Amino acid sequence: MRVALFVTCVNDTLYPETGKAVVTLLERLGVTVDFPAAQTCCGQPQFNTGYRHETEPLMRRYARAFEGYDHIVTPSGSCAAMVRDNYPRMGDRARAEGRGGELAALAESVVPRTYELTEFLTDVLKVTDVGAYFPHKVTYHPTCHGLRMLGLGRRPLELLSHVKGLELAELPGADECCGFGGTFAVKNAAVSAAMGADKARNITGTGASAVCTVDNSCLMHIGGTLARLGSEVRPVHLAEILASTEDRPYGGIR
């Protein structure tokens, strides 16, 4: 099976190890992974800030970059949700404005092929045990896009439950937002920081040595908050845990 990796802006710029972990994991499962160099941003920051028309060229580029692949896999719940939920909205709005059905057709071409990583593993590859080894106590924060827009449900927890050596700690208030919300954290910094502090206290209270999510954007906010509070809990993307083995550990925890 050949798939395309959509690494996303945040991962490409700040967390390249997550992209590498996805490739390591999928190749271990027998998947051939391509990285289309033409990919850029999915347009989520622009769209969420109200610049819908400015987002449209990025939607076109996404469709061109990943044309011909049966599956597009991304280690980002928020970017997967942007494609799956907002691209069709953009197509419908463009058609309602009398600009034809081009964008709607592009949305139809990419939406069913775009998967967040844990969806791809459980729904397409039909695996929950990926042969991972991560001997640490871990708690999982379900990010808003993954929880509410993609409906990931227990998929990430099922994958974590099969990781050898991992002790999974339940997170109190898991369904509460961490406070990041992209530009929300910039426009409403005080509220964002208060929400982050609540989340960080709940995480620390689990006694876990690591917290994981399916979104490094949220993990960046959580990790920064934990550091400012003096917590030793480490933020680790779920992909890095699943890619970790006894011979090749990921996640920065030994």
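To start, this report covers the structure provided alongside it. Owing to the predicted nature of the structure, the values given are computational and were not obtained by experimental measurement. (Residues numbered from 1 in each chain as written. Predicted model: local features only at pLDDT ≥ 70, side-chain atom pairs only at ≥ 80, totals over all residues. Heavy atoms only, no water.)

1. Notes on unusual backbone geometry
Positive phi, normally seen in glycine, also occurs at Thr-8, with a value near 80°. Structurally, Thr-8 can be placed in the loop between strand E1 (2–5) and helix H1 (9–14). Look at Thr-8 and you get buried, because its relative accessible area is 4%. Of note, Lys-126 is a non-glycine position whose phi angle comes to about 60°, a positive value. (Helix = DSSP H or I, 4+ residues; strand = E, 2+ residues; numbered from the N terminus. Buried < 20%, exposed > 50% of the residue type's maximum accessible area, 1.4 Å probe, protein only.)

2. Describing helix H11 (residues 189–205)
The end-to-end C-alpha distance of H11, which contains 17 residues, comes to 24 Å, matching closely the 24 Å that a straight helix rising 1.5 Å per residue would cover. Where the residues of H11 are buried, they touch strand E5 (137–140), helix H10 (184–187), strand E7 (210–213) and helix H12 (216–228). One or two positions beyond H11, positive phi appears at Gly-207, with a value near 80°. (Expected span 1.5 Å × (residues − 1). Contact = heavy atoms within 4.5 Å.)

3. Observations regarding the pattern of salt bridges
Applying the stated criterion across every chain yields a total of 13 salt bridges. Residues Arg-60 and Glu-102 are paired through a salt bridge, measuring 2.9 Å at the closest nitrogen-oxygen approach. Of this pair, Arg-60 sits in helix H4 (residues 52–65) while Glu-102 sits in helix H6 (residues 102–110); the two residues are 42 residues apart in sequence, bridging distant segments of the chain. The exposure class of Arg-60 is partly exposed, given its relative accessible area of 23%. Judged by relative accessible area, Glu-102 falls into the partly exposed class, the value being 40%. A salt bridge links Arg-95 to Asp-92; the shortest N-O distance between them is 3.5 Å. Here Arg-95 pairs with Asp-92, and both are found in helix H5 (residues 77–96), just 3 residues apart, close to one helical turn. The partly exposed category is assigned to Arg-95, whose relative accessible area is 43%. Through salt bridges with shared partners, one network takes in Arg-52, Glu-56, Glu-97 and Arg-99. (Salt bridge = Lys/Arg side-chain N within 4 Å of Asp/Glu carboxyl O.)

4. Quick look at the packing of H5 against H6
Contact geometry of H5 with H6 gives a least axis separation of 7 Å together with a crossing angle of 160°. Overall, the two elements H5 and H6 adopt an arrangement that is roughly antiparallel. Between H5 and H6 lies a crossing of left-handed hand. For the pair formed by H5 and H6, the contact residues are Val-83, Tyr-87, Pro-88, Met-90, Gly-91, Ala-94 and Arg-95 on the first element and Leu-103, Ala-104, Ala-107 and Val-110 on the second. Its residues assigned to classes, the contact of H5 with H6 comprises 9 nonpolar, 1 polar and 1 charged. (Axes fitted to C-alpha atoms, helices over the stretch in contact; angles between N-to-C directions. Parallel < 35°, antiparallel > 145°, perpendicular 65-115°, else oblique. Left-handed = near helix turned anticlockwise from the far one by under 90°. Nonpolar A, V, L, I, M, F, W, Y, C, P; charged D, E, K, R; others polar.)

5. Some words on empty space enclosed by the protein
Enumeration according to the criterion identifies 1 cavity of 30 Å³ or more in this entry. Its boundaries defined by the atoms lining it, the largest cavity holds a volume of some 30 Å³. Taken together, Tyr-140, Pro-142, Gly-146, Leu-147, Leu-152, Gly-153 and Pro-156 form the lining of the largest cavity. By residue class, the composition of the lining of the largest cavity is 5 nonpolar, 2 polar and no charged. (1 Å grid on protein atoms, 1.4 Å probe; cavity = no way out; pocket = protein on both sides within 12 Å on 5 of 7 lines; lining within 4 Å. Points joined across faces, edges and corners; volume = space filled by probe spheres on them.)

6. Digging into the packing of aromatic side chains
Under the definition given, this model contains 5 aromatic pairs. Arranged with centres 5.7 Å apart and planes meeting at 75°, the rings of Phe-6 and Phe-66 form a pair that is edge-to-face. Highlighted residues: Phe-6 in the loop between E1 and H1 and Phe-66 in the loop between H4 and strand E3 (72–74), separated in sequence by 60 residues. One exposure class covers both Phe-6 and Phe-66, and it is buried. Seen in terms of ring centroids, Tyr-62 and Tyr-87 are 5.7 Å apart; in terms of plane orientation they differ by 85°. Their pairing is edge-to-face. (Phe/Tyr/Trp six-rings, centres within 6.5 Å; stacked < 30°, edge-to-face > 60°.)

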